[in-house]
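Each chain, letter by letter, is given below.
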Amino acid sequence: MPSFKNFDSGKLWGRRRLLQVGLGGVALAGTAGGYHWLNQRTRQQVRVPPLPTDTPTYGNGINPMQTLRDFDYGTVKQENGRTVREFRIIAGTSPLQLNSAVSYITWNYNGRVPGPTLRAREGDRIRVLFLNQGGHAHTMHFHGIHAAGMDGVRPVSNGKAFIYEFDAVPYGLHLYHCHIAPVSRHIGKGLHGMLIIDPKEGRPPADEIVLVMNAYDIKDNQRNELYAFNGLPHYYMRHPIPIYQHQLVRLYLLNMVEFDPVLTFHIHANFFRVYPTGMVLKPTHEADVITMGTAERHILEFAYSYPGKYMFHPHQDAIAEAGCMGMFEVIPQNT
Ligand SMILES: [Cu+2]
């Protein structure tokens, strides 16, 4: 059983294990990590502030400071002249220390809440090797366009595997989650993540970060008691997200909160440009509050003019105060 502390997907997906779950015929050779079509360009032009070295994980194997800019491009292969990105996902069960008092049993993908941020380019082929070690039936249901058999609503029993395969279309900010009933429970316990499909032409250079708003129904009463950005309540209040003054930030934002019909998202002392569902190349409007139903997501772009600390949070303030609250620390440009 994978745990947050010693999760090692490489080991779990060993050749022997694949044979056990019936995936022995799947070729796993390839370049780990793969290339990034924007890497060379963005690296030259975008400065990413060094991550604070003192960010604790509170005994957890997840670190929201790393989740922010952690993109999984899969293992890249060329098959019949086409780029295939192969991702490996294991569903598991493991405890997450949400605060000093609450340890919560999560159901998760690859030992993380949210699951890995999968990323591909428009037109690639996406192949996901899914192994369920979670102790319950789970699936991966992707938002996108695909065949019915790839829709991730057919249960994958504990100990079994399934390969999801589909084209990376359309470009935009999408998501995946478990679709076993009650879905609110499977999502609420942590089985959700982002799928970013970049447009063929890419997007302009920016400091790109990921925020997933999620919530925990600790009492199992169809109401949320704790909320979070990227898995841990109040984390970015204690450990503000460093960004540089005047530099464009591209925020990939997803509302994955069950039970509350809508959340808003607000940033202090600034306005953002809105790219609804990430499915446009030009912003539709500017705002400082945006309203999002469950599974709704947008790309928001902004830059701060003045150094200092600025809050971001849903403007349902009770939700913010229950953990969905964070801060940007804008670092002067000349440092
Ligand atoms: Cu599930």
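Just so it is clear, the structure is predicted and the values come from calculations on it, not from any experiment.

Draft legend 1. Summary view of the overall build of the chain. Assigned secondary structure in the chain consists of seven helices and 21 strands. Counting only residues that meet the buried cut, the chain has 41% of its 335 residues in that class. Sequence separation of 24 or more characterises 72% of the internal contacts of the chain that already satisfy a separation of 6 or more.

Draft legend 2. View of the nonpolar core. Core analysis: the largest hydrophobic core is formed by 78 residues, its most contacted members being Phe130, Met194 and Met213. Here this core gets six residues from one element, more than from any other, and that element is strand β11 (residues 207-216).

Draft legend 3. Main features of the sheet that holds strand β9 (residues 172-177). The five strands are arranged β1-β5-β10-β9-β7 in an open sheet whose pairing can be described as mixed. Across the chains shown, the open sheet's two edge strands, defined by having one partner strand only, are β1 (71-72) and β7 (141-142). Relative to β9, β7 is paired through two bridges, and the arrangement is antiparallel. Residue pairing for β9: phenylalanine 142 is matched across the bridge by tyrosine 176.

Draft legend 4. Structural detail: the environment of proline 242. Tracing the sequence through the fold places proline 242 in strand β13 (residues 241-244). Considered as a pair, proline 242 and proline 49 are 193 residues apart in the sequence and their alpha carbons are 6.2 Å apart. Excluding anything up to four places from it in sequence, proline 242 contacts Pro49, Pro52, Glu329 and Ile331.

Draft legend 5. Structural detail: the confidence of the model for the chain. For the chain, the average pLDDT comes to 89, and 86% of its residues sit at 70 or higher. Per-residue pLDDT stays below 50 along residues 15-41; that stretch engages in 32 contacts with residues further than four places along the chain or on separate chains.

Draft legend 6. Quick look at the environment of phenylalanine 71. Looking at the element boundaries, phenylalanine 71 is found in strand β1. The exposure class of phenylalanine 71 is partly exposed, given the 14 C-beta atoms found within 10 Å. For the pair phenylalanine 71 and proline 116, spaced 45 residues apart in sequence, the C-alpha to C-alpha distance is 7.2 Å. Among all residues touching phenylalanine 71, those that are not within four sequence positions of it are Thr117 and Arg119.

Draft legend 7. Expanded view of the sheet that holds strand β17 (residues 285-287). The mixed open sheet is built from six strands, whose spatial order is β12-β11-β14-β19-β16-β17. Of all the strands in the sheet, just β12 (226-229) and β17 have a single pairing partner and so form its edges. Mean inter-strand twist for the sheet, computed between neighbouring axes without regard to direction, equals 25°. Bridge analysis of β11 against strand β14 (residues 249-255) gives seven bridges, and the strand direction is parallel.

Draft legend 8. The environment of asparagine 158, seen in detail. On the secondary structure map, asparagine 158 appears in the loop between β7 and β8 (161-167). With 67 residues separating them along the chain, asparagine 158 and alanine 91 place their C-alpha atoms 9.0 Å apart. The residues contacting asparagine 158, other than those within four sequence positions of it, are Asn132, Gly134, Gly135, His136 and Ala137.

Draft legend 9. How the structure looks around unusual backbone geometry. A cis amide bond links valine 113 with the next residue in sequence, proline 114, at an omega value of -5°. Mapped onto the fold, proline 114 is located in the loop between β4 (103-109) and β5 (117-121). In the segment running from valine 169 into proline 170, the intervening peptide bond is cis, with an omega of -10°. Residue position: proline 170 is located in the loop between β8 and β9.

Draft legend 10. Quick look at the pairing of strand β16 (residues 272-276). Across three bridges, β16 lies against β17 in antiparallel orientation. Following the sheet pairing, phenylalanine 272 is matched in β17 by alanine 287. Alignment of β16 against strand β19 (residues 297-302), held across four bridges, turns out to be antiparallel. Of the residues in β19, the one forming a bridge with valine 274 is leucine 300.

About the criteria used
Residues numbered from 1 in each chain as written. Predicted model: local features only at pLDDT ≥ 70, side-chain atom pairs only at ≥ 80, totals over all residues. Helix = DSSP H or I, 4+ residues; strand = E, 2+ residues; numbered from the N terminus. Buried ≥ 20, exposed ≤ 12 C-beta atoms within 10 Å, placed from the backbone. Contact = placed C-beta atoms within 7 Å. Core = buried A, V, L, I, M, F, W, Y, C linked by C-beta atoms within 7 Å. Pairing = 2+ DSSP bridges. pLDDT = per-residue confidence, 0-100. Axes fitted to C-alpha atoms, helices over the stretch in contact; angles between N-to-C directions.

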